[in-house]
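Below, each chain spelled out in residue letters.
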Amino acid sequence: MNEVGEKQKYVSLMRLTQKGLAELTDSSKRRKVSEDRVAALGGRSIAFYALLGPYDFVQIFEMPSNEAMMQYVLTARRDGHVEPLILPAFDTELYGQIVNAVGSIV
């Protein structure tokens, strides 16, 4: 349902690992590395926030494909600073199209 060339959006909820906590002062450098990796895979970071609660950060991405997102996630997990939970996200227009399609299924 996405237009050709339109990038999929993802929300990443992240928890710092023990390694991430131990190297907390380097987190701004790691964030820059993360954004560069996303760009190298054809995506972009839309927003990044620190959180209170069970997750430490949320990041919103646009990526060209699930495959590109998987490459990014595996690289981030390999680094060992965060454990991400990746959720595909649907804007209201696309969600409306999905709901309309569900309504037409008998």
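Here is what the cut-offs are and how they apply
- Residues numbered from 1 in each chain as written.
- Predicted model: local features only at pLDDT ≥ 70, side-chain atom pairs only at ≥ 80, totals over all residues.
- Heavy atoms only, no water.
- Buried < 20%, exposed > 50% of the residue type's maximum accessible area, 1.4 Å probe, protein only.
- Helix = DSSP H or I, 4+ residues; strand = E, 2+ residues; numbered from the N terminus.
- Pairing = 2+ DSSP bridges.
- Axes fitted to C-alpha atoms, helices over the stretch in contact; angles between N-to-C directions.
- Contact = heavy atoms within 4.5 Å.
- 1 Å grid on protein atoms, 1.4 Å probe; cavity = no way out; pocket = protein on both sides within 12 Å on 5 of 7 lines; lining within 4 Å.
- Points joined across faces, edges and corners; volume = space filled by probe spheres on them.
- Nonpolar A, V, L, I, M, F, W, Y, C, P; charged D, E, K, R; others polar.

**Re the pairing of strand 3 (residues 57-63)**
Then, number 1: Buried residues dominate strand 3, accounting for six of its seven residues.
Then, number 2: Both strand 1 (residues 8-16) and strand 3 contribute to a ladder of seven bridges, which runs antiparallel. What sits directly across from M14, in strand 3, is F57.
Then, number 3: Where strand 2 (residues 44-50) folds back on strand 3, the antiparallel hairpin that results is connected by six residues, among which G53 adopts a positive phi of roughly 120°.

**Some words on the sheet that holds strand 2**
Then, number 1: As summarised here, the arrangement of the four strands in space is 2-3-1-4, forming an open sheet in which the pairing is antiparallel. Of all the strands in the sheet, just strand 2 and strand 4 (82-89) have a single pairing partner and so form its edges. Taking the axes of each pair of neighbouring strands and ignoring which way they run, one obtains an average angle of 20° across the sheet.
Then, number 2: Sheet analysis places strand 1 next to strand 4, joined by eight bridges and oriented antiparallel. Bridge pairing links M14 to P84 in strand 4.
Then, number 3: Sheet strands touched by helix 2 (residues 27-40): strand 2 and strand 3. Its angle to strand 3, the strand with the most contacts, is close to 20°.

**Notes on the layout of surface pockets**
Then, number 1: Reported here for the largest pocket is a volume of approximately 370 Å³.
Then, number 2: For the largest pocket, the lining is made up of 19 residues, of which R30, R31, S34, H81 and V82 are closest to its centre.
Then, number 3: Only strand 1, helix 2, strand 3, helix 3 (66-79) and strand 4 provide two or more residues apiece to the lining of the largest pocket.
Then, number 4: At seven residues, the largest contribution of residues to the lining of the largest pocket is made by helix 2.
Then, number 5: Residues of the lining of the largest pocket, tallied by class, amount to nine nonpolar, six polar and four charged.

Worth remembering: the numbers are spatial, not functional.
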